Amino acid sequence: MELSLYNTLSRKKELFVPLNPPFAGMYVCGPTVYGDPHLGHARPAITFDLVFRYLKHLGYKVRYVRNITDVGHLENDADEGEDKIGKKARLEQLEPMEIVQYYTDRYHRFMDQLNVLRPSIEPRASGHIIEQIEMIKKILEEGYAYISNGSVYFDVTKYNEKYAYGKLSGRILDDMISSNRELDGQEEKHNSFDFALWKKAQPEHIMRWPSPWSEGFPGWHLECSAMSTKYLGEQFDIHGGGMDLMFPHHECEIAQSTASTGKESVKYWLHNNMITINGQKMGKSLGNFITLEEFFTGSNALLDKAYAPMTIRFFILQAHYRGTLDFSNEALLAAEKGLKRLSQAYETLQKIQPTENANSSLVEIKDNCYKALNDDLNSPMVMAQLFECARIINSANDGKESINESDKLILNEIFQVFCFDILGLSFEADNNQSEIIDNIMQLVISLRKDARTNKDFVTSDKIRNELDKIKIQLKDTRDGTEWSVVE
RNA sequence: GGUCUCGUGGCCGAGCGGCUAGGCACCGGUCUGCAAAACCGACUACUCCGGUUCAAAUCCGGACGAGACCUCCA
């Protein structure tokens, strides 16, 4: 059985056949770096990390491109309002690129913690102004754009005469025209659904570049078309992103690429669904989002406690990527315990004594894992198989089932391949370990205090001496006992 | 208003025509100085109303409910 992926374009699962095997190209819309990454950023990152990892596992040479949007993404109504990054820079009195650097670094740091692999190429919009200008020229030459007061707009009506604008999101242009709302400040456009390719900068606008039309900046949708073409070619295999980007962003990308090359640029469009909180989308505008930092530290009123990065990865992968996923402390706690169960079973497996008899169900488990992944990346199903492994291991450990030497190898392989390599889970102790150690030390210290109170100095000295041997030093001060590690 | 999704047990979530995943919680038991973990068992659901079928959570129609997009959001 081979890999099938749900293609938004056809609304069906399709067999994945790359354009140029053994190569596979994937472009995913990355973050606009004007704020801290939140749970909503984690979902596409992890979803497409899974795609990336699985394609590599299948033997493809994958080029994974994920952009950083650092210019052109505007605040308000269609193609009006302030640049998101420019605004943040103004508010914080920083250079826009300082904002970009700061939040890009933060994004990387938190994605690393979630064990999300870095993409092959991570291009920035501001670093590809020339490519974007060239693409605009091409679209103008082809007659699908017009210049208006120093700005350039994509002519959707003209494009729709030859191609189908709206085919990805299932929209019909005529319907859009009839139900369209008039917005203010759009006198430069022929139609409100036309979108900016180049915007002339207002005097107060900080980020600006020279172009044949005006000093200004590129439209938001353009960077993805320009950069995907540059690094993956005019036609490539997979384009991914959040469902909320389907319209207008991805629709506009299709229009731009098609208008400039005359070709269908993307073969498979993949979209991950949203994370909800109390049934409602978690989003910036709703103010109900929780940043990853808050998750890792527990510092948000919606959180009962801090959750480890792996718990969040597990939580996200336990749902299929195309379904909504509802956040709650109860669900996170369940994920945390589930992850622990897997990790303890894996530990048990390493220590287990093999038996004579073999276990018959392991081949089927491995098979089921591949079946699940091939069926549009059904990660929850893979997890269920891992839990089946855990059950077998624990039962064997209790002497109720058998695992021979070769079964042990197969089980280890299943964990290695599916759990670690493909799902990207890891069982390593995470960053709150120091907190755990400190808690342990406080316990030891209080035991020693009890011993001293009872004048049981044999015990109290034993504690201090034994700790000293492992380079932990205790100091009795007026305010209590302190501990530190001696180098 | 338009377009499109979705409604599964206490919670989260698979399933896509017959064989009724999985995790967490709860309950009973084994084990244990006591806990915890582990194991065994119990609970076993598909919003409602029609239809198709030998057979429907699963297909079709309708009702109700929820959500997403149509404006920035992953």
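Our subject is the structure listed above.
So, here is what we can say about the structure in this document.

Here is what the cut-offs are and how they apply
Residues numbered from 1 in each chain as written. Chains lettered and ligands numbered in written order. Predicted model: local features only at pLDDT ≥ 70, side-chain atom pairs only at ≥ 80, totals over all residues. Heavy atoms only, no water. Helix = DSSP H or I, 4+ residues; strand = E, 2+ residues; numbered from the N terminus. Buried < 20%, exposed > 50% of the residue type's maximum accessible area, 1.4 Å probe, protein only. Contact = heavy atoms within 4.5 Å. Areas by Shrake-Rupley, 256 points an atom, 1.4 Å probe, with all protein chains shown as cover. Pairing = 2+ DSSP bridges. Right-handed = clockwise from strand over helix to strand, strands pointing away. Expected span 1.5 Å × (residues − 1). Salt bridge = Lys/Arg side-chain N within 4 Å of Asp/Glu carboxyl O. Near = heavy atom within 4 Å. Polar contact = N/O pair within 3.5 Å; in protein donor to acceptor, adjacent residues only side chain to side chain. Disulfide = S-S within 2.5 Å. Phe/Tyr/Trp six-rings, centres within 6.5 Å; stacked < 30°, edge-to-face > 60°. Lys, Arg positive; Asp, Glu negative; His and termini not counted. Core = buried A, V, L, I, M, F, W, Y, C linked by side-chain atoms within 4.5 Å. Domains from an automatic or database assignment. 1 Å grid on protein atoms, 1.4 Å probe; cavity = no way out; pocket = protein on both sides within 12 Å on 5 of 7 lines; lining within 4 Å. Points joined across faces, edges and corners; volume = space filled by probe spheres on them. Nonpolar A, V, L, I, M, F, W, Y, C, P; charged D, E, K, R; others polar.

Some thoughts on the overall build of chain A
Logical step 1: The helix and strand inventory of chain A stands at 16 helices and 15 strands.
Logical step 2: Along the three orthogonal principal directions, the C-alpha set of chain A runs to about 90 × 60 × 40 Å.
Logical step 3: The 487 residues of chain A split such that 50% are buried.
Logical step 4: Considering only intrachain contacts with a sequence separation of at least 6, the fraction spanning at least 24 residues in chain A is 73%.
Logical step 5: Element-wise, carbon and sulfur atoms account for 49% of the exposed surface of chain A, whose accessible area totals about 23,100 Å².

Concerning the pairing of strand β9 (residues 236-242)
As a general feature of sheets, a regular strand has side chains that alternate between the two faces.
Logical step 1: Of all the seven residues making up β9, seven are buried; the element is thus mostly covered by neighbouring parts of the structure.
Logical step 2: Of the strand pairs in this sheet, strand β3 (residues 23-28) and β9 are connected by three bridges, and their pairing is parallel. Pairing of Y27 across the sheet is with H239, part of β9.
Logical step 3: With six bridges connecting them, β9 and strand β10 (residues 266-272) associate as parallel partners. Paired with G241 across the bridge in β10 is H271.
Logical step 4: Handedness of the crossover joining β9 and β10 through helix α8 (residues 246-261): right-handed.

Some thoughts on helix α3 (residues 96-113)
Logical step 1: For α3, which comprises 18 residues, the first-to-last C-alpha distance of 26 Å matches the rise-based estimate of 26 Å (1.5 Å per residue) to within 8%.
Logical step 2: Among the residues making up α3, those that are buried are P96, I99, V100, Y103, T104, R106, Y107, H108, F110 and M111.
Logical step 3: Buried positions along α3 lie against α1 (39-57), β4 (61-66), α2 (84-92) and α9 (292-297).
Logical step 4: Phi turns positive one or two residues past the end of α3, at N115, with a value near 60°.

Focus on the pattern of salt bridges
Logical step 1: For the coordinates displayed, the defined rule picks out 21 salt bridges.
Logical step 2: Measuring nitrogen to oxygen at the nearest pair gives 3.8 Å for the salt bridge that ties K281 to D244. Of this pair, K281 sits in strand β12 (residues 280-281) while D244 is found in the loop between β9 and α8, placing the two residues 37 residues apart along the sequence.
Logical step 3: Owing to a relative accessible area of 35%, K281 belongs among the partly exposed residues under this scheme.
Logical step 4: Put simply, E466 and K469 hold a salt bridge, and the shortest N to O gap is 3.2 Å. Taken as a pair, E466 and K469 lie in helix α16 (residues 457-469) at a separation of three residues, close to a single helical turn.
Logical step 5: Accessibility expressed as a relative area gives 62% for K469, which makes it exposed.

Brief notes about the sheet that holds strand β13 (residues 325-327)
Logical step 1: One open sheet accounts for three strands, arranged β12-β11-β13; its pairing is mixed. With partners counted over all chains shown, the strands left at the sheet margins are β12 and β13, one partner each.
Logical step 2: Summarising the sheet, strand β11 (residues 275-277) and β12 pair through two bridges and their orientation is antiparallel. Across the sheet, residue T276 finds its bridge partner in β12, namely K281.

Quick word on the protein's contact with RNA strand B
Logical step 1: Surveying the vicinity of RNA strand B reveals 53 residues, the closest of which are H73, K84, K281, M282 and K400.
Logical step 2: Here, RNA strand B places atoms within 4 Å of the protein, and 79% of those atoms are sugar or phosphate.
Logical step 3: One of the backbone nitrogen or oxygen atoms of G170 is found 3.4 Å away from a sugar or linking oxygen of RNA strand B.
Logical step 4: Here Q318 contributes a backbone N or O atom positioned 3.4 Å from a sugar or linking oxygen of RNA strand B.

Some words on the state of the cysteines
Logical step 1: Taken as a whole and assessed by the stated rule, the structure comprises zero disulfides.
Logical step 2: Here C252 stays unpaired: no disulfide links it, and the sulfur of C224, its closest cysteine neighbor, is 11 Å away.
Logical step 3: For C252, a relative accessible area of 1% corresponds to the buried category.
Logical step 4: As a non-bridged cysteine, C419 has C389 as the owner of its nearest cysteine sulfur, 9.5 Å distant.
Logical step 5: In this structure C419 comes out as buried when scored by relative accessible area, which is 0%.

Digging into the packing of aromatic side chains
Logical step 1: Across all of its chains, the model carries 22 aromatic pairs by this definition.
Logical step 2: Look at F16 and Y60: their rings are 5.6 Å apart centre to centre, the planes differ by 90°, and that puts the pair in the edge-to-face class. Here F16 is found in the loop between β2 (12-15) and β3, whereas its partner Y60 is found in the loop between α1 and β4, with 44 residues between them in sequence.
Logical step 3: Between the aromatic rings of F154 and F195, the centroid separation amounts to 4.9 Å while the plane-to-plane angle is 10°, which identifies the pairing as stacked. In this pair, F154 is assigned in strand β6 (residues 151-154) and F195 in strand β7 (residues 195-200), connecting sequence segments 41 residues apart.

Digging into the side chain of D70
Logical step 1: By secondary structure assignment, the location of D70 is in the loop between β4 and α2.
Logical step 2: Within the buried core, D70 has no salt-bridge partner, and the shortest N-O distance to an opposite charge, that of R124, equals 4.3 Å.
Logical step 3: A distance of 2.6 Å separates polar atoms of two side chains, one belonging to D70 and the other to S126.
Logical step 4: Other than its neighbours up to four places away in sequence, D70 contacts V33, I85, M97, V100, R124, A125, S126 and M207.

Here's the deal with the pairing of strand β1 (residues 4-7)
Logical step 1: Of the two faces of β1, the one lined by S4 and Y6 and the one lined by L5 and N7 are each fully buried.
Logical step 2: The antiparallel hairpin formed by β1 and β2 contains four residues in its connecting segment, where R11 sits at a positive phi of about 60°.

Thoughts on the nonpolar core
Logical step 1: Formed by 79 residues in total, the largest nonpolar core has its most connected members in L114, I238, F295 and I316.
Logical step 2: For this core, the leading source of residues is α1, giving 10 residues.
Logical step 3: Among the domains, domain 1 (16-272) and domain 2 (277-422) are the pair contributing at least three residues each to this core.
Logical step 4: Those residues in contact with L114 that sit more than four places away from it in its chain are A42, I46, L292, F296, P309, M310, I312 and R313.
Logical step 5: By size, the runner-up hydrophobic cluster in this structure holds 39 residues, among which are I129, I133, F154 and L168.

What about empty space enclosed by the protein?
Logical step 1: A complete count under the given rule lists three cavities of 30 Å³ or more for this structure.
Logical step 2: Size it by volume and the largest cavity reaches roughly 50 Å³.
Logical step 3: Every element with two or more residues in the lining of the largest cavity is listed here: α1 and α10 (309-317).
Logical step 4: Among the residues making up the lining of the largest cavity, the classes are represented as seven nonpolar, three polar and one charged.

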